[in-house]
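# Overview (structure and organization)
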Amino acid sequence: MRIGVLTENFTGLSGASDLLKHLIFSIASVANEHQIEIFILVKATEYRQYKGIKRWLSKLKEIRTLKNVFKEFKCAKIVAYTQDTPVQVIEKYKLKAVFPYMRLENLGVTTIAYLYDCQHRYLPEFFNERERTARDDYFQQMVNQHKKIIVNAQTVKDDLINFYQAEQAHIFVLPYTPKIDLHFYNDFSKRIKKYNLPKRYFMMSNQFWVHKDHPTAFRAFAEYLKSDPEMEFIFTGSMNDYRRPEYITELQQIIKELKIEKNIRFLGLIPKDEQLQIMKGATAVVQTTLFEGGPGGGSVWDAVSLGIPVILSDIKTNKAVEYKRVHFFHAKNARDLCKKMQEVVKQNYKPIPVESLIEQSQTNMKILGNYLAKLISK
């Protein structure tokens, strides 16, 4: 069975590219038993764009692993197409199915579409009227057009049914299967010496968007410091929100009013290997988000993969995180978050052996790979 993996719309934001990688590696991990040949389809309106995307693929830290897996296939290729849709390469290579697909055009083969989340329905203040209308129109057309749509959470499936009258049998929730590149289990301690990190710290790795609710983290930490004044809090992520440019200034003012400046560090957007090496040393990863399209978001995904304790807001989507080291707190409740911080410190978790983490990661890949393979054949 020949399948195409579409890179269009998935090579920009880090979260999207991480999802694409996870889909590729997962389907590759079960390719032999399902007799699958993989074709990575790259849209390229001009050759320079094609080279850029191919360079992105070649820089994946696990590309050697991927190639080793591909040796067991009859064929595994990166294929460029210059047309608006990949119809010609689908016909040329006789592909049976393609995924993840985010357009409306009929490609003449089985297509597994992908939809993200309905944030605009719950947090309309973060979108203008034109954006909300455009998202509603797009989502409605997608559920009308496609018979197989994958989503990252049960809450997204429920929303597509409730808001857009999607057929329940047409929406498929991907199993929660955290996995990071094997490369990131290596020791990058030398790379992070420049940050002069404290011995003990909490960590939060999010974009500084309003719905991530950093103020609750600040207020909880201010309360926590009353009993543990030496603890610090490390934040990573791009410090801007185009929807509210003044937001960063507001956050800085909150920190000043709470008088916790000396215990807070903002590292900005840093390389992934450095971010995850810092995460390995964290007492816990804190996630205060008020809305997610997938359980916990990317930082929790990484923390679970590394065996790091997680303190997570109890919104419905996040409750799908199945992990022995997760501590849920009531969303927007700084007092409860402070309490969970104290609980985690008292718990004093021991590191999980890397071998066990890698084994679980490989198991997760096969779980997702088998799920996708059965969905394609369905």
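Note that this is a predicted model, so its numbers are computed, not measured. (Residues numbered from 1 in each chain as written. Predicted model: local features only at pLDDT ≥ 70, side-chain atom pairs only at ≥ 80, totals over all residues. Heavy atoms only, no water.)

### A closer look at the confidence of the model for the protein chain
- On average, residues of the protein chain carry a pLDDT of 89, and 90% of them reach 70 or more.
- Taken as a whole, residues 46-50 scores under 50 in pLDDT and shows six contacts with residues more than four places along the chain or in a different chain.
- In the model, residues 59-75 has pLDDT below 50 throughout and makes 27 contacts with residues more than four positions away in sequence or in other chains. (pLDDT = per-residue confidence, 0-100. Contact = heavy atoms within 4.5 Å.)

### Overview of the sheet that holds strand β10 (residues 264-268)
- Spatially, the six strands line up as an open sheet ordered β10-β9-β8-β11-β12-β13, and their pairing is parallel. Each edge of the sheet is formed by a strand with only one pairing partner; in this case those strands are β10 and β13 (326-329). Neighbour-to-neighbour, the strand axes of this sheet turn through a mean angle of 25 degrees, independent of strand direction.
- Docked against the sheet, helix α11 (residues 272-280) engages β8 (201-205), β9 (232-236), β10 and β11 (284-287), running at close to 145 degrees with respect to β8.
- Helix α13 (residues 334-347) contacts β8, β9, β11, β12 (310-313) and β13 of the sheet and is inclined by roughly 160 degrees relative to β13. (Pairing = 2+ DSSP bridges. Helix = DSSP H or I, 4+ residues; strand = E, 2+ residues; numbered from the N terminus. Axes fitted to C-alpha atoms, helices over the stretch in contact; angles between N-to-C directions.)

### With respect to the nonpolar core
- Among the nonpolar cores identified, the biggest contains 42 residues, and Ile3, Ile27, Ile38, Phe99, Leu115 and Leu160 are the most heavily contacted of them.
- Other than its neighbours up to four places away in sequence, isoleucine 3 contacts Ile27, Ile36, Glu37, Ile38, Phe39, Leu95, Ala97, Phe99 and Ile376. (Core = buried A, V, L, I, M, F, W, Y, C linked by side-chain atoms within 4.5 Å. Buried < 20%, exposed > 50% of the residue type's maximum accessible area, 1.4 Å probe, protein only.)

### Topic: the side chain of glutamate 292
- By secondary structure assignment, the location of glutamate 292 is in the loop between β11 and α12 (297-306).
- Judged by relative accessible area, glutamate 292 falls into the buried class, the value being 9%.
- A polar contact of 2.4 Å, which involves the side chain of glutamate 292, links it to the side chain of lysine 212.
- Polar side-chain contacts of glutamate 292 include one of 2.9 Å to the side chain of threonine 289.
- In contact with glutamate 292, not counting residues within four places along its chain, are Lys212, Gln287, Gly297, Ile315, Thr317 and Asn318. (Polar contact = N/O pair within 3.5 Å; in protein donor to acceptor, adjacent residues only side chain to side chain.)

### Quick word on helix α8 (residues 154-164)
- Residues of α8 that are buried: Thr155, Val156, Lys157, Asp159, Leu160 and Tyr164.
- Contacts made by the buried residues of α8 are with α6 (119-122), α7 (129-145), β6 (149-151) and β7 (171-173).
- Positioned one or two residues after α8, glutamine 165 has a phi angle of 55 degrees, which is positive.

### What to know about the pattern of salt bridges
- Overall, the coordinates contain 20 salt bridges when judged by the stated rule.
- Lysine 226 serves as the salt-bridge partner of glutamate 223, at 3.0 Å between the closest nitrogen and oxygen.
- With relative accessibility at 38%, the residue glutamate 223 sits in the partly exposed group.
- Taking relative accessible area as the criterion, lysine 226 reaches 66% and is therefore assigned exposed.
- Here aspartate 302 makes a salt bridge to lysine 272, at a shortest N to O gap of 2.7 Å. Here aspartate 302 is found in helix α12, whereas its partner lysine 272 is found in helix α11, with 30 residues between them in sequence.
- With relative accessibility at 28%, the residue lysine 272 sits in the partly exposed group.
- Taken together, the salt bridges that share partners define one network made up of Asp18, Lys21, Lys179, Asp181, Lys272 and Asp302. (Salt bridge = Lys/Arg side-chain N within 4 Å of Asp/Glu carboxyl O.)

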